[in-house]
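What follows is the residue order along each chain.
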Amino acid sequence: MTRDEFDVFCASLKATTNVIQWGDSSVWKVGGKIFAIAGIWGEGAHTKVSFKCSELSYQILCELEGVVPAPYLARAKWVQVQEEGALSDDDIKSYIEDAHEIIAGKLTKKLRTELGF
C-alpha cells in the first residue's frame with residue numbers, strides 16, 4: 001500500500017483528521033486520537049504502516065514475517081507493517097478499519113455523538 005493509497009483510504013473513514021508530524025509521517029486520528037500512521041522509518045525507502053490492534057490481532061500479526069510491534073507504541077498493542085507484501089492491501093485496510101473502530105469506541109459518549117457515531 002502506498003502512502004497516497006493509505007491517505008485516501010483513511011480519509012474515507014468517518015470523522016477522521018490528518019496531520020503531518022514526526023518527520024513527515026501521515027498521522028490519522030478520530031476524535032483527536034491516533035488510529036493509524038504511515039511514514040518512512042528505519043531501513044528502506046518504502047512506506048511503513050502502523051495501526052492499533054485488538055489483543056488477539058496483535059498476537060497474530062506479530063508472528064508474521066514483516067510485521068513487528070510498532071516502535072514506541074507496542075505496549076498499546078500497535079503493529080508496524082515493515083515489509084512490502086507482508087499483508088495484502090485489503091488486509092491492511094481491514095485492520096485500519098478495526099483500528100478506527102477501536103479508537104472511536106474509546107472516545108467519550110458525548111464526543112462519539114458529536115462525531116456521528
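Each chain carries its own residue numbering, running from 1 in the written order of its sequence. Reporting of local features is limited, given that this is a predicted model, to residues whose pLDDT is at least 70; pairs of side-chain atoms are given and counted only at 80 or more, and all residues count toward the totals for whole chains, interfaces and linings. To get the side-chain values, take all heavy atoms of the structure and skip hydrogens and water.

Visitor: What's the story with the overall build of the chain in this structure? I'm lost.
Guide: Numbering of helices and strands starts at the N terminus; helices are DSSP runs of H or I of at least 4 residues and strands are runs of E of at least 2. Counting its regular elements, the chain contains 4 helices and 6 strands. Reading the chain from its N terminus to its C terminus gives the helix and strand order α-β-β-β-β-α-β-β-α-α. Taking 117 residues into account, the globule formula puts the C-alpha radius of gyration at 13 Å, and the chain, at 14 Å, falls close to it. Throughout, a contact is declared for two residues whenever any of their heavy atoms are within 4.5 Å. If you take every contact in the chain between residues at least 6 apart in sequence, the share linking residues at least 24 apart comes to 44%. Under the convention used here, a 1.4 Å probe and the Shrake-Rupley method define accessible areas, while residue burial counts only the protein chains that appear. As presented, the chain carries roughly 6700 Å² of accessible surface, and 52% of it is formed by carbon and sulfur atoms. Radius of gyration here uses only the C-alpha atoms, and the compact-globule reference equals 2.2 Å multiplied by the residue count raised to the power 0.38.

Visitor: Explain the packing of helix α1 (residues 3–11) against helix α3 (residues 89–105) here, please?
Guide: Describing two packed helices takes the angle between their axes plus the distance from one axis to the other. Where α1 meets α3, the closest approach of the two axes is 11 Å, and the angle between their N-to-C directions is 40 degrees. Here α3 runs oblique to α1, going by the angle between their axes. For the element pair α1 and α3, the recorded crossing hand is right-handed. Contacts from Glu5, Phe6, Phe9 and Cys10 of α1 reach α3 at Asp89, Lys93, Ile96 and Glu97. For the contact of α1 with α3, a count of residues per class yields 4 nonpolar, no polar and 4 charged. In this analysis, axes come from line fits to C-alpha atoms, helices being fitted only over the stretch in contact, and the angle between any two N-to-C directions falls in the range 0 to 180 degrees. An angle below 35 degrees is read as roughly parallel, one above 145 as roughly antiparallel, one from 65 to 115 as roughly perpendicular, and any other as oblique. It is the rotation of the near helix from the far one that decides the hand of a crossing: anticlockwise by less than a right angle makes it left-handed, clockwise makes it right-handed. Only Asp, Glu, Lys and Arg are considered charged, only Ala, Val, Leu, Ile, Met, Phe, Trp, Tyr, Cys and Pro nonpolar, and every remaining residue, Gly among them, polar.

Visitor: What should I look at first to understand the sheet that holds strand β3 (residues 33–39) in this one?
Guide: Strands in a sheet are paired, the pairing made by backbone hydrogen bonds, and the direction either parallel or antiparallel. Read from one edge of the open sheet, 6 strands run β1-β2-β3-β4-β6-β5, paired in antiparallel fashion. What marks the edges here is a single partner per strand, and that holds for β1 (16–21) and β5 (67–69). Averaged over all pairs of adjacent strands, the angle between their axes in this sheet comes to 25 degrees, without regard to strand direction. Across the sheet, α1 is in contact with β1, β2 (25–30), β3 and β4 (48–52); its angle to β2 comes to roughly 10 degrees. One requirement defines pairing of two strands: DSSP has to find at least two bridges between them.

Visitor: What exactly am I supposed to notice about α1 here?
Guide: For an α-helix the count is 3.6 residues per turn, leaving residues at separations of three or four pointing the same way. Between buried and exposed lies partly exposed: a residue is buried under 20% and exposed over 50% of the maximum accessible area for its type, with that area taken using a 1.4 Å probe on protein chains only. Along α1, the positions that sit buried rather than exposed are Phe6, Asp7, Phe9 and Cys10. The buried residues of α1 occupy an angular sector of 165 degrees when the element is viewed end-on, so they sit on one face. Along α1, exposed side chains directed more than 90 degrees from the buried face belong to Asp4 and Val8. On the buried face of α1, the contacting elements are β1, β2, β3, β4 and α3. Think of it as the arc spanned by the lines of direction from the helix axis to the C-beta atoms.

Visitor: I'm lost on the nonpolar core in this one. Help?
Guide: Burial of nonpolar side chains together is a common tendency in soluble globular proteins. As used in this record, nonpolar core signifies buried Ala, Val, Leu, Ile, Met, Phe, Trp, Tyr and Cys residues forming a set joined through side-chain atoms within 4.5 Å. Phe6, Phe35, Phe51 and Ile96 are the most contacted members of the largest nonpolar core, which has 25 residues in total. If you list the elements that add at least two residues to this core, you get α1, β2, β3, β4, α2 (55–61), β6 (78–81) and α3. Among the elements that line this core, the one with the most residues is α3, at 5 residues. Not counting residues up to four positions away in its chain, the partners in contact with phenylalanine 51 are Phe35, Ala36, Leu61, Lys77, Trp78, Val79, Val81, Leu87, Tyr95, Ile96 and Ala99.

Visitor: How should I be thinking about a negative patch on the surface in this particular structure?
Guide: Residues enter patches when they are more than 30% accessible in relative terms and free of salt bridges; like-charged ones are connected within 9 Å and nonpolar ones (Val, Leu, Ile, Met, Phe, Trp, Tyr) within 5 Å. Here a salt bridge means any side-chain nitrogen of Lys or Arg lying within 4 Å of a carboxyl oxygen belonging to Asp or Glu. Charge convention: Lys and Arg are scored as positive, Asp and Glu as negative, and His as well as the terminal groups of each chain are ignored. The atoms used to mark charge sites are NZ of Lys, CZ of Arg, CG of Asp and CD of Glu. A surface patch of negative charge is lined by Asp4, Glu5, Asp89, Asp90 and Asp91. Of all the secondary-structure elements, those providing two or more residues to the negative patch are α1 and α3. For the negative patch, the element with the most residues is α3, which contributes 3 residues. Within the element layout of this structure, aspartate 90 appears in helix α3.

All we've got here are geometric facts, nothing functional implied.
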